[in-house]
Amino acid sequence: MAELPSHAQVVVIGGGAVGASTLYHLARMGCRDAVLLERNELTSGSTWHAAGNCPNFSGSWSLLKLQHYSTQLYAGLAEAVGYAITYHRTGSVRLAQSRARLQEFHHVTAMARHQGLDFAVLTPRELKARHPLVELHGLEGALWDPDDGDIDPAQLTQAFAKGARELGARIERFCAVTAIAALPSGAWRVETEKGPIVAEQVVNAAGYRAAEIGRMVGRELPSVVLSHQYLVTEDSPGLLGRDDKLPLLRDPDDSYYLRQERQGLLLGPYEWQAMPMWLDGLPTDFSFQLYPDDLDRLERYIELACARVPALGGVGLRKVINGPIPYTPDGNPLIGPAPGLRNFYECCGFSFGIAQAGGAGKAMAEWIVEGEPEWDLWSCDPRRYTDFATKSYVVAKAVELYQHEYAIGFPQEERPAGRPAKVSPLYEKLKAKGAVFGARGGWERALWFAAPGVTTEVELTFAREGNWFPSVAAECRAVAERVGLLDLPGFARFEVQGPGAAAWLDRLIAGALPRPGRLSLAYFCSPRGGVVTEMTVTRLAEDRFWLIGPAAGEWHDRDWLAAQLPDDRSVTLENVTGRWGTLVLAGPRSRDVLGQVTDSDLSTAAFPWLAARPVEVGPARGLALRVNYVGELGWELHLPVEALAPVYDLLWAAGTPHGIADFGMYAMDSLRLEKGYRAWKQDLEIGYSPLAASLDRFVRLDKADFIGREALLKERQAGPDQRLVPLVVEAGAEDALFCATVWQGARRVGLVTSGGYGHRLGKSVALAYVAAPLAVEGISLEVEIYGARRAARVTREPLYDPDNERLRA
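Notes on the structure follow.

Let us look at the sheet that holds strand β31 (residues 634–640). Read across the open sheet, the 6 strands follow the order β29-β30-β31-β28-β22-β32; overall the sheet is mixed. The open sheet has two edge strands with one neighbour each: β29 (612–617) and β32 (661–662). Where strand β22 (residues 484–487) and strand β28 (residues 580–586) come together, 4 bridges link them in antiparallel fashion. Looking across to β28, one finds that Leu 486 is bridged to Val 584.

Below, the structure written as C-alpha cells:
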C-alpha cells in the first residue's frame with residue numbers, strides 16, 4: 001500500500017457517513033487533494049449500528065433544507081457512483097395526539113411544501129389507509145412525508161467512499177490520529193500511527209470521538225455521548241405476504257419510532273432515563289462494539305407502542321442495539337469553522353447523522369472551497385456556543401434534549417436544565433421582582449415580569465394567551481407612555497483601534513463610518529453580498545471604535561473580524577464583552593429620569609439621536625448611546641459590570657415618581673416589530689443581502705471598495721428578487737411564526753421571518769420577505785398560520801412613529 005502523503009489540502013478525520021460525505025463533496029467540488037483518516041474501518045463508530053432512518057421533517061428551516069438535500073441525494077447516489085444501496089423510501093406517518101401537535105404539523109407542512117416537499121396533514125381515517133396496523137385511539141391526525149424511509153448506513157458510507165476515491169480523493173483506514181499541531185503558516189501538522197501529514201485545512205468529523213480530536217487543538221466541544229437503544233423483533237405474521245413495506249411510524253407524543261425491518265419490526269424509543277456515557281473518558285477502542293442491553297429503561301415505551309400497533313406485541317425479540325450517539329445541548333450538529341481556530345472545521349455532534357450526512361457534507365465542502373455554504377446554517381454553527389458550554393452544562397442540556405427529542409417547540413418554552421449559566425449582577429434582584437428568565441446566548445435575560453399574585457409558570461400553547469400576555473402589554477404601555485428599564489446583559493463588544501482602524505473598518509461595512517461622537521448601524525457582508533453580521537459602530541475617536549453586536553454572535557463576530565485583520569498590525573481588535581453590561585432606559589420620561597442621576601447635558605442640541613457621550617452616573621463612568629431597540633426616546637447605558645446594580649437602583653429611585661417599570665425581552669420584541677427593526681439570524685442572514693432586507697439606506701455603493709460591493713452592485717442593477725416588508729395580519733388568536741408562508745392567491749410569494757403582537761398598535765405584525773413587485777404599501781396578501789390563511793396587508797415602514805419623532809424628541 002502507498003505511504004501516507006506528506007501533505008494534503010484537506011484532511012478529514014473520521015470515516016463514518018458524515019466524514020465520507022464530506023470527502024465526497026469536496027472531491028465533487030474539485031478539491032481532490034483531500035485525505036480521510038479513519039482509526040479503524042469505515043463505519044466503525046456510530047454509523048454501523050445506526051437505525052438508518054431518513055426523515056425530512058424538522059421544525060428548523062435550515063435543517064429541513066439540509067435533510068431534504070440528503071434524501072434527494074441518496075435517491076440517486078447508487079447510480080451516480082456505481083455502488084448498490086438498500087434504500088427504502090416507504091414514506092412516514094407522524095402521529096398527533098393533541099391539537100397543539102397538529103398545529104405544529106400544519107406549520108412544518110407549510111415550510112416543507114415551500115421547499116418542494118409534498119408533506120400532507122392526514123385525518124385519522126386517511127392515516128389508517130396509509131398504515132393499516134395502527135390503532136386510532138386518542139389521535140387528532142398525522143403528518144405524511146412521502147420521501148421518508150430508511151437506508152443501510154454502511155452501504156451509504158461505502159458509496160460516498162467509492163465516489164470520493166474515483167474522483168481522486170484518498171482514504172486511509174486503520175490510521176488513528178494521535179496529535180495535531182498548528183503551524184505558523186496556518187496549516188496543521190496531523191500526527192498519525194502511519195506518520196505525519198501537513199494539512200492546509202482540517203475537518204473534525206470524528207463522531208463520538210470528536211471531543212477527543214478537539215482537545216488535541218485546545219478545543220472543548222459542546223458534545224456528550226448518550227446511549228440510544230432500539231430493538232428488532234422476529235417476523236410478524238401481520239407483515240408476511242405484504243407487497244409493500246409499511247410506512248415508518250413516529251409517535252412523538254409517546255416518544256418512539258417504529259418501522260418494518262424485513263418481516264419484523266424495529267422500535268426505537270427516546271426514553272426519559274437518558275444515559276450519558278464515558279464522562280470520565282472514552283475507551284481506547286470501541287469499534288463495532290455495543291453497550292449491554294438495558295430494556296428496563298424502555299418498558300413503558302414498548303407497552304405504548306404495542307397498544308398503538310398491536311402486531312408488535314405478538315412477536316418475540318430478535319436483537320437489541322444499544323450504542324453510542326453524540327448529542328449537543330440543542331441536538332443540532334456542529335457544522336462550520338471551529339471557534340478561535342484558523343483553517344480548522346467541525347462536522348460532528350450528529351444525533352441524526354445518517355439523515356443529515358448528505359447535506360452536512362455539502363455544506364462543509366462549501367465552507368472550505370467557497371468560504372461559506374449555500375444555506376445559512378447558524379442553527380448548526382459551532383460558534384453558537386461560547387464559554388458557557390461547560391461539561392456540566394452540556395451533559396444537563398443533552399439529557400434534557402434527549403428526553404424532549406420529539407417535544408413540540410412552543411414559542412414561550414424555556415427549559416431549565418443547565419441554567420443559569422451566565423447572569424447579570426441584577427439577576428437576583430429582578431428575580432425577586434417577578435422576572436421570568438430565558439437564556440439568550442447563554443445569558444439569563446428577563447423575558448417578562450409577573451405582577452404580584454401572578455404565577456410565573458407558563459402554559460405552553462401557540463396561542464397569544466396566558467399569564468405572560470397581559471404582563472407584556474403593561475410593560476409595553478409603560479415604555480410608550482412613561483419610562484421603562486431593561487437589563488440587557490451579554491452584548492458582544494469589540495474595541496477596534498490603531499492608525500489603520502478607520503480604513504480597515506470602512507472596507508468591512510456596506511455603509512458609511514460615523515463621525516467621532518456618533519454611532520451608526522452597520523452591515524458586514526460576505527463576498528456574495530449576504531449579511532454576515534449586524535453591529536452598532538460607535539466612533540469614540542478618529543482611530544478608536546466600539547462594535548456592539550448580539551450576545552449569541554460573540555464568537556462568530558470575533559472570529560470573522562479577526563480573520564479580516566491586516567498583517568501590518570495597524571489595527572488591534574480586543575474582545576471587551578465580559579467587562580461591560582447594558583441598561584436600557586426608554587420612554588417619553590426617560591430624559592427626566594436620567595437627568596436626575598447625571599450631570600450630562602441630555603438636551604437634543606447637546607445629545608442628539610445617534611450620538612455617543614461619556615456619562616457618569618453615581619459611582620460609574622460609562623458610555624451613553626442615544627439609541628434603542630424599542631423606538632422611543634431613550635438611552636443605552638453601557639457600564640462596567642460591577643456598577644450595574646448601584647446604577648439600576650439610582651435610576652429606579654429617580655424614576656419612581658415618573659411611573660418607571662421593568663420590561664423584558666418579550667416587550668422589546670413587540671416594540672421592535674412595530675418599528676421594523678431586524679433581528680440577526682432571524683430577519684438577517686447570509687441568504688439575504690441588505691438590499692433584499694430593504695436596508696438600502698445603510699448601503700453606500702459609491703464607496704470605492706468594501707466586501708460584497710460587486711455582488712450588491714449587480715443586485716442593485718438587476719433589482720432584488722425579494723424585499724423585506726412589514727405586514728399587518730388579521731391573525732386571530734395566533735401570530736405568524738418564523739418561516740410562515742406568504743401567499744398571493746394560489747402562489748407562494750414569501751416567508752415571514754418575524755411575527756408577534758404589536759401592543760402599541762393593537763395589531764398582529766409580521767416582517768416578511770416577499771417577491772419584489774409585491775413590496776408596495778397597500779398590497780393584499782395572506783399569511784398561512786397553522787394551516788389557516790389569514791389576510792395581511794403590506795404597510796409603510798415603520799408602522800409605529802414613521803417619522804421617528806419620538807426617537808428624536
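Another aspect to go through is the layout of surface pockets. Of the pockets and cavities examined, the second largest pocket occupies roughly 950 Å³. Residue lining of the second largest pocket: 36 residues in total, with Pro 337, Trp 367, Gly 371, Trp 560 and Ala 563 positioned closest to the centre. Listing elements by their share of the lining of the second largest pocket, those giving two or more residues are β18 (334–337), β19 (344–348), α8 (353–370) and α13 (554–564). Counting residues per element, the lining of the second largest pocket draws most heavily on α13, at 6 residues. Residue classes in the lining of the second largest pocket are distributed as 18 nonpolar, 7 polar and 11 charged.

In this section: the packing of helix α1 (residues 17–28) against helix α2 (residues 61–81). When two helices pack together, their arrangement is given by the angle between the helix axes and the distance between those axes. At a minimum axis distance of 14 Å, the contact between α1 and α2 shows a crossing angle of 70°. In this view, α1 runs roughly perpendicular relative to α2, as classed from their interaxial angle. From α1, Tyr 24, His 25 and Arg 28 reach across to α2, where they touch Tyr 69, Leu 73, Leu 77 and Val 81.

As a further point, take the side chain of Glu 346. When you line up the elements, Glu 346 lands in strand β19. Classification of Glu 346 as buried rests on a relative accessible area of 1%. Excluding residues within four positions of it along the chain, Glu 346 makes contact with Asn 204, Arg 219, Leu 221, Leu 334, Ile 335, Gly 336, Ala 338, Pro 339, Met 364 and Pro 382.

What follows concerns α13. Residues separated by three or four positions in an α-helix point in the same direction, a consequence of the helix having 3.6 residues per turn. Among all positions of α13, only Glu 554, Trp 555, His 556, Asp 557, Asp 559, Trp 560 and Leu 561 are buried. Structurally, α13 contributes buried residues whose contacts are with β23 (492–497), α12 (501–508), β24 (519–525), β25 (531–541), β26 (544–549) and β27 (572–575).

What follows concerns the environment of Ala 492. Relative to the helices and strands, Ala 492 is located in strand β23. Those residues within four positions of Ala 492 in sequence are excluded, and the remaining contacts are Leu 547, Ile 548, Gly 549, Pro 550, Ala 551, Glu 554 and Thr 577.

It is worth spelling out the packing of aromatic side chains at this point. Note on aromatic pairs: each is described by the distance of the centres and the angle between the planes. Evaluated as defined, the whole model comprises 32 aromatic pairs. Taking 5.5 Å as the distance between ring centres and 45° as the angle between the ring planes, the aromatic pair formed by Tyr 24 and Phe 160 counts as tilted. With Tyr 24 in helix α1 and Phe 160 in helix α5 (residues 153–166), this residue pair connects regions lying 136 residues apart in the sequence. Each member of the pair, Tyr 24 as well as Phe 160, carries the same accessibility label: buried. Measuring from centroid to centroid gives 6.3 Å for Tyr 74 and Phe 160, while their planes differ by 70°, and the two rings are edge-to-face. Here Phe 160 lies in helix α5 and Tyr 74 lies in helix α2, a separation of 86 residues in the sequence.

So, how was this worked out
Residues numbered from 1 in each chain as written. Predicted model: local features only at pLDDT ≥ 70, side-chain atom pairs only at ≥ 80, totals over all residues. Heavy atoms only, no water. Pairing = 2+ DSSP bridges. Helix = DSSP H or I, 4+ residues; strand = E, 2+ residues; numbered from the N terminus. 1 Å grid on protein atoms, 1.4 Å probe; cavity = no way out; pocket = protein on both sides within 12 Å on 5 of 7 lines; lining within 4 Å. Points joined across faces, edges and corners; volume = space filled by probe spheres on them. Nonpolar A, V, L, I, M, F, W, Y, C, P; charged D, E, K, R; others polar. Axes fitted to C-alpha atoms, helices over the stretch in contact; angles between N-to-C directions. Parallel < 35°, antiparallel > 145°, perpendicular 65-115°, else oblique. Contact = heavy atoms within 4.5 Å. Buried < 20%, exposed > 50% of the residue type's maximum accessible area, 1.4 Å probe, protein only. Phe/Tyr/Trp six-rings, centres within 6.5 Å; stacked < 30°, edge-to-face > 60°.

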